[in-house]
Amino acid sequence: MAMLVLEGEVCLCALLFPFLCPSLVDAQQYFLPLKWPRECGPREFFSSTEFICRPCGAGQQRAANGLSCICKPGYRLFRDYGGANITCSACNTGEAVTQDGWDCIQCGAMNSSTKILSNGKCACHNANEILVERTQNGKLLNQAGCQLCDAMPMAYTWPNSERNLCAKCGSSFIISAKSCDCSDLTVADGLCFSSSASVDARIDFPLLSLPIAVTSSWFAEHLLGARLACQNFRNTTACQALGNMCVMAMGSLRATSGPCQILLHIGTSSTGSHTNNIPTWPVGLPWIYYNHPTLPGDTRPILEAMALPNTFSTWDTQKRRLHIVLAKYDIQGNFLGYGKADGGKLQLCSDTASRIDSAYIFGTTYRQMCSISISVLQSHFPEPTFFEPFLEFEQNGQLHLYALPVLNLNLHDSFGTFINQGSDRRRWVLMRRFLLVDAVGGLGVPSSHLLRFVSSLSIFVTLVPGETLGRIFPPLLSLRYSEIDLETAGSDSMVQVSFSVDYSMKQGENQRQTDIALAVLGSLAVLHALQKTVSWRRRQGLHLLDLPSVVNFLIFFAGLLANVFFLVAFGTGLYWLIFYKNQQQVTVLLPSEQEEMSFVIYVSCALGLKFLQILHLLIFQTSVDIFFLDWERPRDAAEILAETSQTSMSEGARAKSTISIWRTYFVANEWIELQTIRKLSPALHILLTIFFLQVIGFENLALREPTPSLLPPLDTDAACWSRILRFGVCTSVWIVLGFLQIGLHSLCYERFIEDKIRQFVDLCSMSNVSVLIFSHCNFGYYIHGRSVHGRGDASIDEMYTNLKKEEENRCSCRGLLPNADVQTFEVATSINMRRRFEAINQTPAVVVPARLNGQALGVVEQNIQSYHIMNRFLSAFIDHAYKDMDYIVRDKTTLEKVLDMEIQEPLDKSLFYNGFLQHLAVSWQEKLGKEDVGGQKIPYLTSFKIRSDEVAFIITTDRFSLPPVTLLMEFP
């Protein structure tokens with residue numbers, strides 16, 4: 001319709017405005033009607049030059065291809081200029097057309113066995129006669145006649161396929177029948193045999209939804225002839241064809257008269273030596289089975305007995321490839337020659353040449369998978385091609401071939417069991433020959449059309465252990481076939497095919513070392529968990545073994561065991577990353593994907609146990625008690641009058657004597673904000689990790705190929721990833737970047753910009769507020785924030801004056817002890833002190849509905865009263881006001897620092913332990929001197945962060961700081 005409209009517009013423009021569109025007036029239309037050759041009539045042909053149907057001439061009819069004309073029966077060629085340009089002339093009544101179609105001749109000379117066929121040509125009745133129409137010099141006879149061929153000795157002639165010449169009989173006729181006539185004997189596949197035999201032409205297809213045995217047309221036509229020719233005459237081509245049919249039957253021995261059983265019977269009945277002294281390779285027969293299929297035995301001597309003399313290297317280009325050579329045969333048994341496996345000979349998936357050939361780079365684990373249509377398989381493999389694999393190697397300057405075994409996973413025994421799919425190598429039956437696609441064997445009687453193709457082809461290469469030359473055992477080819485019924489699936493259906501090359505070595509020693517590391521570290525984890533449990537029980541004030549102690553021991557052990565699994569997994573990844581990627585002669589290979597499962601289990605256990613520890617940590621955080629101790633005291637009337645120069649105190653002045661709660665609120669708010677402070681920036685850390693892995697190319701170190709390249713060559717871009725190397729690379733990059741961030745944050749950011757922890761301790765001192773944290777019943781942490789000036793609620797003038805005094809050293813130190821700067825402590829409280837604390841803290845915070853406002857007032861007042869009592873109690877406790885609840889300040893011993901526990905129990909007096917990094921800060925000051933470059937004193941103080949179930953202290957100075965732990969606790 002669009003074409004017609006356009007044509008109308010063109011014509012209208014040309015008629016109305018010829019001067020405006022002269023090019024349209026002269027335009028040529030380039031379109032023609034669509035005509036298919038099948039649409040032409042019986043006396044028409046399709047002209048390939050005009051794309052239309054043309055009629056045939058007189059006495060002519062359409063040829064079989066529909067593209068030309070031929071003479072009708074009874075008409076001879078008069079002129080032939082090629083194609084449909086011919087002229088035909090009718091023969092007289094009673095005459096026939098000669099075999100070449102150019103002349104007319106009468107039938108019936110020499111004898112009376114001639115006749116006229118429906119095509120208008122003469123023919124002979126008897127099978128041993130030929131039709132004679134011309135003399136030897138080509139002159140046409142008056143009448144056509146039949147000439148008898150001499151099938152007797154001394155002549156042995158028989159009509160050829162065109163029945164126009166007596167040709168010599170086949171040797172099988174001469175040997176078996178002593179004549180060209182084999183009517184009394186057995187004729188099979190065009191050969192004559194004096195004896196006959198039974199054959200089973202069925203092929204099993206057990207993988208279909210309904211397993212069936214198809215009577216193969218190919219077997220029915222050629223199996224008997226191949227058997228008799230191989231058995232009687234040792235015909236090479238027939239024996240190879242018989243071996244091909246055994247491969248098409250998947251090497252099955254289920255049928256007693258099948259090709260595989262026949263081949264074994266011929267080999268068993270033959271006498272003489274074996275080819276190359278191989279017991280399963282009789283002389284004159286194809287080598288189909290690597291080991292005897294009825295008595296397979298252990299295949300380990302075949303796969304692991306002999307190390308090939310090849311040496312492989314990652315740097316030498318000649319020693320870096322697997323040189324696999326294929327001997328090829330067609331379906332008739334003809335040898336097609338040798339060829340390298342390069343170029344995708346064994347790969348059904350199409351890809352670039354570099355990716356396809358990278359499959360044979362030594363040490364590179366290769367994976368290729370694709371979807372391919374059945375029509376492509378049929379078009380590329382109309383007939384199956386059979387392969388026998390060899391590995392090429394050089395010895396003493398001469399090239400040799402080593403026959404490689406083939407493991408057909410579809411091979412089944414007489415009971416229908418797939419014996420090669422089990423892990424018991426003693427039952428494996430190894431073969432030598434295989435095919436990729438079989439579209440011929442499934443063409444059965446009467447109308448079955450089945451297709452068998454290799455859905456998975458894998459090459460397994462095993463490295464010889466304990467050698468430094470990079471030698472291997474014979475590679476093993478493993479094939480798995482799939483079957484499709486084309487009548488139900490259709491030629492446009494897609495199927496999945498894969499090709500892989502795997503390298504492995506015996507990992508028994510490595511696994512043993514890993515098990516030893518797990519056992520040793522696991523034992524240490526048990527001891528450490530016991531020690532942590534003892535420490536926890538002391539801090540909780542427990543003396544008898546109870547259920548919470550057992551639960552905490554199990555949780556401590558789970559967390560430590562998670563660390564053990566992580567260390568083993570990280571060590572394993574780092575080991576393979578260093579030794580696998582840094583070798584010239586290939587001496588170690590990565591564990592296979594199946595062997596990597598133990599590594600995956602380690603990582604999974606680490607994640608699961610660490611998740612359990614985090615849950616315990618969250619529960620632990622909800623039980624922490626925090627109290628902000630306000631040291632501020634109300635001012636008396638004399639102080640207020642002295643400051644205001646007044647003689648009397650008004651009500652407003654009395655109001656000023658009360659203590660403000662805002663300082664405590666501010667410190668508590670800053671404490672809450674500290675819970676989000678980290679040495680690491682998670683977003684920056686993730687971005688840097690992705691940058692180094694993706695952009696710089698560190699992720700390429702996780703490829704299963706032994707070259708340590710951040711930018712691997714193009715011929716290895718089909719290599720697959722190793723989970724062990726991935727974990728090792730990613731974890732290494734993550735840890736290194738983490739330490740770099742911590743170092744930069746500690747050495748640069750905290751020194752020159754701000755230190756949040758130090759600022760918080762300073763804020764406590766300036767606010768005159770201390771912080772007491774009970775992480776356990778009898779253990780906690782204390783920040784001494786008591787102002788050295790006596791008050792924190794001061795005006796700006798007073799604040800400036802106080803800071804000036806500290807700068808000029810005209811006031812005492814901020815520490816708990818006189819002339820000491822230590823403000824952070826670990827606290828182990830006595831039982832009496834904890835009981836008093838619990839007694840005061842018994843009043844719960846109750847939320848009361850508004851309708852009970854009167855009752856709520858009493859609860860709130862009670863809470864406020866409890867706060868004041870607790871504040872006075874803790875103030876008095878810190879000031880040594882209670883002789884029965886006194887405390888002493890001391891340093892932790894080295895053993896206590898290492899074990900992170902308190903050996904001395906606080907029976908009568910509580911214990912305040914100085915921050916264990918304080919002495920390190922003092923030693924730094926002693927090394928650096930009391931003054932820095934600017935001549936000012938280097939102040940130091942301690943601060944802290946809480947990590948899991950312990951508190952980590954840090955020391956900060958104006959110039960440097962130690963990196964603290966980055967995981968903070970959140971307290972409600």
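Residues numbered from 1 in each chain as written. Predicted model: local features only at pLDDT ≥ 70, side-chain atom pairs only at ≥ 80, totals over all residues. Heavy atoms only, no water.

Met833, Arg834, Phe837 and Ile840 are the residues of helix H21 (residues 831-840) that are buried. The buried residues of H21 occupy an angular sector of 130 degrees when the element is viewed end-on, so they sit on one face. Turned more than 90 degrees away from the buried face of H21, the exposed residues are Arg835 and Ala839. (Buried < 20%, exposed > 50% of the residue type's maximum accessible area, 1.4 Å probe, protein only. Helix = DSSP H or I, 4+ residues; strand = E, 2+ residues; numbered from the N terminus. Arc of directions from axis to C-beta.)

Quick look at the pattern of salt bridges now. If charged atoms from side chains of opposite charge come close, those side chains can pair. Here the structure, examined in full by the defined rule, presents 35 salt bridges. The salt bridge involving glutamate 902 is made with arginine 539; its shortest N-O contact spans 3.0 Å. Placement of the pair is glutamate 902 in the loop between helix H23 (894-899) and strand E35 (910-914) and arginine 539 in helix H11 (residues 508-540), with a sequence separation of 363 residues. Each member of the pair, glutamate 902 as well as arginine 539, carries the same accessibility label: buried. Connected through salt bridges with shared partners, the residues Arg539, Glu826, Lys892, Asp900 and Glu902 form a single ionic network. (Salt bridge = Lys/Arg side-chain N within 4 Å of Asp/Glu carboxyl O.)

This part covers a nonpolar patch on the surface. A grouping of Ile516, Val520, Leu524, Val526, Leu527 and Leu530 is seen on the molecular surface, where their side chains present a nonpolar patch of about 500 Å² in accessible area. Tracing the backbone shows leucine 530 in helix H11. Accessibility expressed as a relative area gives 43% for leucine 530, which makes it partly exposed. (Patch = residues over 30% accessible without salt bridge, like charges linked within 9 Å, V, L, I, M, F, W, Y side chains within 5 Å. Areas by Shrake-Rupley, 256 points an atom, 1.4 Å probe, with all protein chains shown as cover.)

The six strands lie next to each other as E30-E31-E32-E33-E35-E34, forming an open sheet whose pairing is mixed. The sheet terminates laterally at strand E30 (625-630) and strand E34 (887-890), the two strands that pair on one side only. Strand-to-strand, the axes of this sheet are offset by a mean angle of 20 degrees, without reference to chain direction. Bridge analysis of E30 against strand E31 (residues 769-774) gives six bridges, and the strand direction is antiparallel. Within E31, the residue paired with aspartate 630 across the bridge is valine 769. Against the sheet, helix H16 (residues 662-674) contacts E30 and E31, and its axis sits at roughly 145 degrees relative to E30. Packing against the sheet, H21 makes contact with E30, E31 and E35, and its axis sits at approximately 105 degrees to E31. (Pairing = 2+ DSSP bridges. Axes fitted to C-alpha atoms, helices over the stretch in contact; angles between N-to-C directions. Contact = heavy atoms within 4.5 Å.)

The feature "transmembrane region" (unreviewed entry), as given by UniProt, occupies residues 551-579, 599-620, 683-703 and 723-748 in the numbering adopted here. Taken end to end, residues 599-620 is 100% helix and 0% strand, and its two terminal C-alpha atoms sit 31 Å from one another. For residues 683-703, the end-to-end C-alpha separation is 27 Å, with 67% helix and 0% strand making up the annotated structure. (UniProt positions renumbered as here; feature names shortened; annotations may be inferred.)

On to the state of the cysteines. Overall, the coordinates contain 10 disulfides when judged by the stated rule. Shown here is the disulfide that connects cysteine 71 with cysteine 88, its sulfur atoms set 2.0 Å apart. What sets the handedness of the cysteine 71 and cysteine 88 disulfide is the S-S torsion sign, and at about -90 degrees it is left-handed. Linking cysteine 71 in strand E4 (residues 69-71) with cysteine 88 in strand E6 (residues 86-90), this pair joins segments that are 17 residues apart in sequence. Classification of cysteine 71 as buried rests on a relative accessible area of 18%. Cysteine 88 sits in the buried class, given a relative accessible area of 13%. Disulfide pairing is shown between cysteine 149 and cysteine 166; the S-S distance is 1.9 Å. Classification of the bridge connecting cysteine 149 and cysteine 166 rests on its S-S torsion, roughly -85 degrees, and on that basis the disulfide is left-handed. (Disulfide = S-S within 2.5 Å.)

Turning next to the pairing of strand E23 (residues 398-403). In this structure, strand E22 (residues 386-395) lies alongside E23, joined through six bridges in antiparallel fashion. If you follow glutamate 392 over to E23, its bridge partner there is leucine 401. Connecting E22 to the next strand, E23, in antiparallel fashion are two residues, including asparagine 396 with a positive phi near 55 degrees.

Right, let's get into unusual backbone geometry. The residue asparagine 819 is not glycine, and still its phi comes out positive at about 55 degrees. Owing to a relative accessible area of 72%, asparagine 819 belongs among the exposed residues under this scheme. The backbone of aspartate 900 shows a phi angle near 55 degrees, a positive value even though the residue is not glycine.

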